[in-house]
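Residue-level structure breakdown
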Amino acid sequence: MTFLSATLSRVKPSPTIAVTTKAQELKAAGRDVIGLGAGEPDFDTPQNIKDAAIAAIAAGKTKYTAPDGIIELKQAICAKLLRDNELTYAPDQVSVGTGGKQILYNALMATLNPGDEVVIAAPYWVSYPDMVLLAGGTPVIATASSQTNYKLTADQLEAAITPKTKWFIFNSPSNPTGAGYNREELKELTDVLIRHPHVWVMTDDIYEHLMYDDFEFVTPAQLEPRLYERTLTCNGVSKAYAMTGWRIGYAAGPKELIGAMRKIQSQSTSNPCTISQWASVEALNGPQDFLAENNKTFVRRRNLVVDMLSAIEGMTCPVPEGAFYVYPSIGGLIGKTTPDGTIIENDAIFATKLLEDTGVAVVFGAAFGLSPNFRVSYATSDAALKEACTRIQTFCATLAQRINT
Ligand SMILES: Cc1ncc(COP(=O)(O)O)c(C=O)c1O
């Protein structure tokens, strides 16, 4: 349809949302569905954060604010970046938006010209390439391998960089693999970036607090201070504070870039929800001890899922360092057939048949740029996870080797 912009034709709708929608439809039709597709914690937002929102409403803090956030929240973000990440920022180097998603999008819109390239490691969060396309840039995919548990190596990053590269998007712990880069692994990448001064770093630290087994989180500008001037450190309250619906994300970086992002936001959505901003002040300044409690639950669930899926012949499931996802490979199941004769030719067919035959909803790997895999979100109850993994085990056990006639 010519009325719609040409840019839009290059962009696909979010496959993760598509899976969630299909699972909801099946559920509404009376099917027994277990959704392992959602990217949000099943915990409730902590009470002190809810109370801060209620107090904000009662105090009449219900009007417009500065387009990129109230000073109190910017100060809380600066304090958090110093406390957790040893990074010094002033409030005028901080932008607050409607979720991490808007922050990343604003940054790309503020900087990309046609022909500019953005290096993205695959498997990637589904929105990165499409956001780059929407902003007029060209995504360049650097594919990580299962041998490094889906973490990008220095050589892979180096090979993806060209004179046209504007950004490298970095995400640790990762959606969809849960892989977290330790100091040595990240240092390999920052050493490459130091050699290419024209490349800026957009680091998406949204899963920062969801780290297990004493894994130490580290962010690029913290590890390599020489990158500070060309790094945009992005984060948000959605995942750690179970605040996905409140829609608050933020970034810290060079003043000029932050000013450009503010300009875009002031002419599009204006300020993120005022009440959510006050709730986020409490999230960042208030007690943090529930994070460790939540992580105990997540690590138990991660181990449960990894153990059950690793027991399946033909499936390999690395143990991720963080987030709430696992990303098993189904290399050994490709080419097999289901009892109704469907050939598992790829991960999309695997996920579709799994949903249709067992009611378990997962997201196929091709959506994240690396196949043959699928993503499981373990942000759901132990009982649901156990049942879902049992169904996956049974489904895989019924797959038969194809007989060539
Ligand atoms: C890697 C990654 N970055 C950013 C976001 C966006 O978070 P928000 O809900 O704050 O927009 C998500 C959400 O799924 C994510 O997985």
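Before reading further, recall that the structure is shown in the block above.
In short, a report on the structure. (Residues numbered from 1 in each chain as written. Predicted model: local features only at pLDDT ≥ 70, side-chain atom pairs only at ≥ 80, totals over all residues. Heavy atoms only, no water.)

1. What about the state of the cysteines?
As a reminder of what qualifies: Throughout, a disulfide means two cysteine sulfur atoms within 2.5 Å of one another.
Across all of its chains, the model carries 0 disulfides by this definition. Just so you know, Cys-389 is unpaired, no disulfide at all, and the nearest cysteine sulfur is the one on Cys-317, 8.6 Å from it.

2. Side note on the sheet that holds strand 11 (residues 363–364)
As a reminder, the rule being used: Strand pairing requires that DSSP identify at least two bridges connecting the strands. Helix numbers and strand numbers start at the N terminus; a helix is a DSSP run of H or I with at least 4 residues, a strand a run of E with at least 2.
As summarised here, the arrangement of the 3 strands in space is 9-12-11, forming an open sheet in which the pairing is antiparallel. Two strands lie at the open edges of the sheet, namely strand 9 (325–326) and strand 11, each paired on one side alone. By the bridge criterion, 2 bridges tie strand 11 to strand 12 (residues 374–377) in an arrangement that is antiparallel. Bridging from a neighbouring strand, Phe-364 pairs with Phe-374 of strand 12.

3. Some remarks on unusual backbone geometry
Convention followed: Throughout this description, buried means an accessible area under 20% of the type-specific maximum (1.4 Å probe, protein chains only), exposed means over 50%, and partly exposed covers the range between.
A cis amide bond, omega 0°, links Ala-122 with the succeeding residue Pro-123. Structurally, Pro-123 is set in the loop between strand 3 (117–122) and helix 6 (127–134). Even without being a glycine, Asn-149 presents a positive backbone phi close to 55°. Mapped onto the elements of the fold, Asn-149 is located in the loop between strand 4 (138–143) and helix 7 (154–160). Asn-149 sits in the partly exposed class, given a relative accessible area of 30%.

4. Looking at the sheet that holds strand 4
Working definition: the strands of a sheet are paired by backbone hydrogen bonds and lie parallel or antiparallel to each other. For clarity, the threshold we go by: Between N-to-C directions, angles cover 0 to 180 degrees, with each direction set by a line fitted to C-alpha atoms, over the stretch in contact for helices.
Spatially, 7 strands are ordered 2-8-7-6-5-3-4 in an open sheet, and the strand pairing comes out mixed. Where the open sheet ends on each side, the last strands, each with one partner, are strand 2 (94–97) and strand 4. Along the sheet, successive strands turn relative to each other by an average axial angle of 20°, direction set aside. Pairing analysis gives 5 bridges linking strand 5 (residues 165–171) to strand 6 (residues 200–204), with the strands arranged parallel.

5. Thoughts on the environment of Val-11
Of note, Val-11 is situated in the loop between helix 1 (6–9) and helix 2 (15–28). As for Val-11 and Met-131, which are separated by 120 residues in sequence, their C-alpha atoms are 8.2 Å apart.

6. Some remarks on the site of the ligand
What counts is decided by this rule: We call a residue near a molecule or strand whenever a single non-hydrogen atom of that residue lies within 4 Å of it. As used in this structure description, the phrase polar contact means that two N or O atoms lie within 3.5 Å; if the pair is within protein, one of them must be able to donate a hydrogen and the other to accept it, and residues adjacent in sequence are counted only when both atoms belong to side chains. Each accessible area value is a Shrake-Rupley result obtained with a 1.4 Å probe; residue values ignore everything except the protein chains displayed when judging cover. Basically, the charged four are Asp, Glu, Lys and Arg, the nonpolar ten are Ala, Val, Leu, Ile, Met, Phe, Trp, Tyr, Cys and Pro, and anything else, Gly included, counts as polar.
Near the ligand there are 13 residues, and of these Gly-100, Asp-204, Tyr-207, Ser-238 and Lys-239 occur at the shortest range. One of the side-chain N or O atoms of Asp-204 is found 2.6 Å from a nitrogen atom in the ligand. Contacts to the ligand include Lys-239, whose side-chain N or O atom sits 2.6 Å from an oxygen atom. Bound to the protein, the ligand loses 92% of the 400 Å² it would expose on its own. With 3 residues, helix 5 (residues 99–111) is the largest single contributor of residues to the shell around the ligand. Its residues assigned to classes, the shell around the ligand shows 4 nonpolar, 5 polar and 4 charged.

7. Some words on the nonpolar core
To be explicit about the condition: The criterion is simple. A nonpolar core is a set of buried Ala, Val, Leu, Ile, Met, Phe, Trp, Tyr and Cys residues joined through side-chain atoms within 4.5 Å. The contact rule is simple, with two residues in contact once any of their heavy atoms fall within 4.5 Å.
Counting residues in hydrophobic clusters, the biggest one holds 40 residues, and the most contacted among them are Val-305, Leu-309, Met-315, Phe-350, Phe-374 and Ile-392. Among the elements of the structure, helix 12 (290–310), strand 9, helix 13 (347–358), strand 12 and helix 14 (382–397) are those that each provide at least two residues to this core. Setting aside residues up to four positions removed in sequence, Ile-392 forms contacts with Leu-309, Ile-312, Met-315, Leu-354, Val-360 and Phe-374. Judged by nonpolar contacts, the second largest core, of 36 residues, contains Ala-23, Leu-112, Tyr-128 and Phe-368.

8. Some words on the packing of aromatic side chains
We count it as follows: Aromatic pairing here means that ring centres of Phe, Tyr or Trp (its six-membered ring) are within 6.5 Å. Orientation follows from the plane angle: under 30 degrees is stacked, over 60 is edge-to-face, and everything else is tilted. By definition here, charges over rings are those cases where NZ of Lys or CZ of Arg is within 6 Å of the ring centre and within 35 degrees of the ring normal.
Applying the stated criterion across every chain, the model contains 16 aromatic pairs. Consider the rings of Phe-170 and Tyr-181, whose centres lie 4.8 Å apart with planes at 65°: the pair is edge-to-face. With a gap of 11 residues between them, Phe-170 in strand 5 and Tyr-181 in the loop between strand 5 and helix 8 (183–194) connect regions that are remote in the sequence. Assigned by exposure class, Phe-170 and Tyr-181 land together as buried. Three or more aromatic residues link up through ring pairs in this structure, and these residues are Phe-43, Tyr-207, Phe-298, Phe-324, Tyr-325 and Tyr-378. Note that Lys-61 overlies the ring of Trp-278, its terminal NZ or CZ placed 3.9 Å from the centroid.

9. Brief notes about a nonpolar patch on the surface
The condition that has to hold: Exposure above 30% relative accessible area and no salt bridge define the residues that can form patches, which grow by joining like charges within 9 Å and nonpolar side chains of Val, Leu, Ile, Met, Phe, Trp and Tyr within 5 Å. The salt bridge criterion pairs a side-chain nitrogen of Lys or Arg with a carboxyl oxygen of Asp or Glu, the two atoms within 4 Å.
On the surface, Phe-3, Leu-4, Leu-8 and Leu-134 cluster together into a nonpolar patch covering about 430 Å² of accessible area. The exposed category is assigned to Phe-3, whose relative accessible area is 76%.

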